[in-house]
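Okay, here's what each chain looks like letter by letter:
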Amino acid sequence: MEKVWHKAYAPGVPYEIDFERITMSRVLSRTASKYPDGKALNWMGNVISYQELDGLVNRFARALTDLGVKPGDKVALLMPNLPQVVIADYATFRIGAVCVMNNPLYTERELKHQLNDSESKVAVALDLLLPRMLNLKKETGLETIITCHINDYLPFLKRILYPLVKKGMFRKVEPQEGVYQFTDLIKKYPSDPVEDRSNWEDVAALLYTGGTTGLSKGVMQTHANLSINVQQFAAWLPGIAAGEKLLADLPYFHTAGFTIMQNLPVWMGLESITLPRPDPASVLEAVKKYKPAYLPGVPTIYNGLLNNDQFRQMDLSFIKGYFSGGAPLPVDTYKRLKELNGADLLSIYGLTECTVTATVSPWGGKVKPGTEGLPVPNTEIKIVDIETGTKEMAAGEAGEILIKGPQVMKGYYKNPAATEQVIKDGWLYTGDIGFLDAEGYLSVVDRKKDIIIAGGFNVYPNEVDDVLFAHPGILEACTVGVPDEYRGETVESYIVVQPGETLTEEEVVSYCRKNLAAYKVPKQIFFIEQLPKSSIGKILRREVKEMALGKMTEAQ
């Protein structure tokens, strides 16, 4: 496979390309015409071709229209990775409505806020969530609920056996007003083309962010944002061929899963191996069975795989690339993955507010472990001082990361004040701390709010974590700052030990002293069985900090 790093790139000078003004809904129809028999979705062995997928989207688009959904109306989705998510998303795009992505594990309180804030009229949800959705229907503007079943698109034999194996997983949906079954609706309508009402500048999706630290905000991603960010990523990765397999192991309701797991395959004609649970065991089974060319993941997924003998001993020559995002990839993890089969490992940096991708490691070019690569086409990155946000920092100097590019969101839905706080003169203020080196490679140090100021010194938790991750006896680690009368804040680390290993606090502290400046060394080490993680497997530092503060309160 030909791999080319864009020689046109120069530090501080955006690499420019011309984008095609085509919405993702129209891209699907084009891909279906170009590769009608090409494999679009592989759901536990049941393959849906691109032509079939386009037809299912047309069917569901007609269903939504007959249920009264108009352009601009909001359609909420609450499911793990299932074929129905992709069908519903693209049907919503196609009729000019807006899909609202929700984490199905959220509580009623969190979902109530997001459904009310988004003004969602229709919800497409997993059947197990029906009791919760009926409760929410009374407290929100929901008018219609469409239920989906995990076994709707299973192969025939599995469809028969799965309920027997997973007894109790399925909830019988009784006929009632305002409640429909997904497959019943699909069967009612023809698959021939419908009018595509997706418009380039219109909002295509709302993805909510920041819900665990207050009221979540709906990020408005336009059809232009979605299409352009896919084109940016595809342009940075020449040589990926239609028909190759990508493991869709990150949730579609998360911005990385939404763009890279769902939309990128449609643009490139890839076969998407749809995986409902993004845990190392499920990923390992899918890798063994389907042999994907591209294996995305977050650091915890990769660490889990690397600590599995089966994975390490497999012939992984079929893997051409690893796509790492969600959190900075520890250098030790990068090296261990690289040693397996030499495949390219791309670190991706971005956030929901810039669709997902701002920088990526050069495909086939110079990769610097520990960095997040270079800006994707038509994107600028700038580092400014933390205090005022106006002084541009020199190469190697840390500050807040700013992003400018056509993938930056339209704004927060119904929240112009919050939008003005993060978008200034076209620059997105990310709240992340990082620096650019002399060649323009971005390193992400930490979140602005996560910096620990101990005795007047800045301590970046990610730096401490990287050192801890490199210890052979440590599986996972998370460092936080807690109040300290003398130092202002002090450093604590929470550690999960490798299976079969034993460690003492003294051993860990001694190891840190050899690898960190004295003020960065954790003052306390806590060993725990597991760290709290998000739906994509990202370690939740804020929850670890709450745990640490709780320990302080108990000790007083």
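This text goes with the structure placed above it.
Attention here is on the structure that accompanies the text. Given the structure is predicted, the values throughout are model-derived calculations rather than measurements.

Basis of the calculations
- Numbers given for residues are sequential positions, taken from 1 along each chain in its written order.
- Predicted model: local features are reported for residues with pLDDT of at least 70 only, side-chain atom pairs are reported and counted for 80 or more only, and whole-chain, interface and lining totals are derived from all residues.
- Side-chain numbers here rest on the full set of heavy atoms in the structure, without hydrogens or water.
- Only DSSP runs of H or I with at least four residues qualify as helices, and only runs of E with at least two residues qualify as strands; both kinds are numbered from the N terminus onward.
- The atom set for the radius of gyration is the C-alpha atoms, and the globule formula is 2.2 Å times the number of residues raised to the power 0.38.
- Here's how the labels work: a residue is buried when its accessible area is under 20% of the maximum for its type, exposed when over 50%, partly exposed in between, all with a 1.4 Å probe on protein chains only.
- The contact definition used throughout considers only heavy atoms, calling two residues in contact when any of these lie within 4.5 Å.
- Only the protein chains shown count as cover for residues, and all accessible areas are computed by the Shrake-Rupley method using a 1.4 Å probe.
- This count recognises Lys and Arg as positive and Asp and Glu as negative, with His and chain-terminal groups excluded.
- All charge positions are set by atom: Lys at NZ, Arg at CZ, Asp at CG, Glu at CD.
- Note on pairing: DSSP must find at least two bridges between two strands before they are called paired.
- Helix axes are fitted only over the stretch in contact, all axes being lines through C-alpha atoms; the angle between N-to-C directions runs from 0 to 180 degrees.
- This arc is built from the directions going out from the helix axis to the C-beta atoms.
- What sets the label is the angle itself: under 35 degrees gives roughly parallel, over 145 gives roughly antiparallel, 65 to 115 gives roughly perpendicular, and the rest give oblique.
- Crossovers are described as right-handed under a simple rule: with the strands pointing away from the observer, the path leading from the first strand over the helix to the second runs clockwise.
- Identification of polar contacts relies on pairs of N or O atoms within 3.5 Å, with a donor-acceptor requirement for protein atoms, meaning one able to donate a hydrogen and the other able to accept it, and with residues adjacent in sequence counted only if both atoms are side-chain atoms.

1. Some remarks on the overall build of the chain
For the chain, the helix and strand inventory stands at 17 helices and 27 strands. Relative to its length of 556 residues, the chain is compact, with a C-alpha radius of gyration of 23 Å against a globular reference of 24 Å. Dimensions of the chain, computed from C-alpha atoms along their principal axes, come out at roughly 70 × 55 × 55 Å. Considering the chain as a whole, with its 556 residues, one finds that 57% of them fall into the buried category. When contacts within the chain are restricted to residue pairs at least 6 apart in sequence, long-range pairs at least 24 apart make up 69% of them. Approximately 22900 Å² of the chain is accessible, and the part contributed by carbon and sulfur atoms is 51%. Positive and negative side-chain charges of the chain, numbering 60 and 67 respectively, have mean locations separated by a distance of 4 Å.

2. Looking at the sheet that holds strand 27 (residues 524-527)
Strand order in the open sheet formed by three strands is 25-26-27, with mixed pairing between adjacent strands. Among the strands making up the open sheet, the edge pair consists of strand 25 (474-484) and strand 27. Put simply, the sheet's adjacent strands are angled 25° from each other on average, direction ignored. Two elements, strand 26 (residues 488-497) and strand 27, share four bridges in a ladder whose sense is parallel. Opposite Ser493, over in strand 27, you have Ile525 as the bridge partner. Set on the sheet, helix 15 (residues 461-469) makes contact with strand 25 and strand 26; between it and strand 25 the angle comes to about 145°. Against the sheet, helix 16 (residues 505-515) makes contact with strand 26 and strand 27, and its axis sits at roughly 130° relative to strand 27, the strand it touches most.

3. Examining the environment of Leu77
Examined against the element boundaries, Leu77 turns out to sit in strand 3 (residues 74-78). Using a relative accessible area of 2% as the deciding quantity, one classes Leu77 as buried. Dropping the residues within four chain positions of it, Leu77 is found in contact with Val85, Ala88, Asp89, Cys99, Val100, Met101, Asn102 and Val124.

4. A short note on helix 10 (residues 280-290)
Listing the buried residues of helix 10 in full gives Val283, Leu284, Ala286, Val287 and Tyr290. Within helix 10, the buried residues cover an arc of 165° as seen down the axis, which keeps them to one side. Exposed residues lying more than 90 degrees from the buried face of helix 10 are Ala281 and Lys289. Those residues of helix 10 that are buried lie in contact with strand 1 (39-43), strand 10 (245-248), strand 11 (271-274), strand 12 (294-297), helix 11 (299-306) and helix 12 (309-313). One or two steps after helix 10, the chain reaches Lys291, where phi turns positive at roughly 50°.

5. Structural notes on helix 5 (residues 130-139)
Owing to its 3.6 residues per turn, the α-helix aligns residues three or four sequence positions apart on the same side. For helix 5, every residue scored as buried is listed here: Leu130, Met133 and Leu136. Along helix 5, the residues classed as buried sweep out an arc of 115° about the axis, all on the same side. Those residues of helix 5 that are buried lie in contact with strand 3, helix 4 (108-118), strand 5 (120-126), strand 6 (144-148) and strand 7 (179-181).

6. A word on the packing of helix 3 (residues 83-94) against helix 9 (residues 255-268)
Helix-helix packing: each pair is described by the crossing angle between the helix axes and the interaxial distance. Two elements in contact, helix 3 and helix 9, have axes whose closest approach is 12 Å; the angle formed by their N-to-C orientations is 75°. As the angle between them shows, helix 3 and helix 9 are arranged roughly perpendicular. Contacts from Val85, Val86, Asp89, Tyr90 and Phe93 in helix 3 reach Phe258, Gln262, Asn263 and Val266 in helix 9.

7. A look at the pairing of strand 3
In terms of residue burial, strand 3 counts as a mostly covered element, since five of its five residues are buried. Residue alternation in strand 3 divides its side chains into two sets, Lys74, Ala76 and Leu78 and Val75 and Leu77, and both sets are buried. With five bridges connecting them, strand 3 and strand 4 (residues 98-102) associate as parallel partners. Residue Lys74 lies in a different strand from strand 4, and its bridge partner there is Val98. Handedness of the β-α-β unit built from strand 3, helix 3 and strand 4 comes out right-handed. Sheet analysis places strand 3 next to strand 5, joined by five bridges and oriented parallel. Within strand 5, the position partnered with Ala76 by the bridge is Ala123.

8. Let's talk about the side chain of Arg62
Tracing the chain through its elements places Arg62 in helix 2 (residues 50-66). Of note is the side chain of Arg62, whose polar atom sits 3.2 Å from the backbone oxygen of Pro193. In contact with Arg62, other than residues within four places in its own chain, are Tyr189, Pro190, Ser191, Asp192, Pro193 and Val194.

Take it as geometry only, folks, not as evidence of what the structure does.
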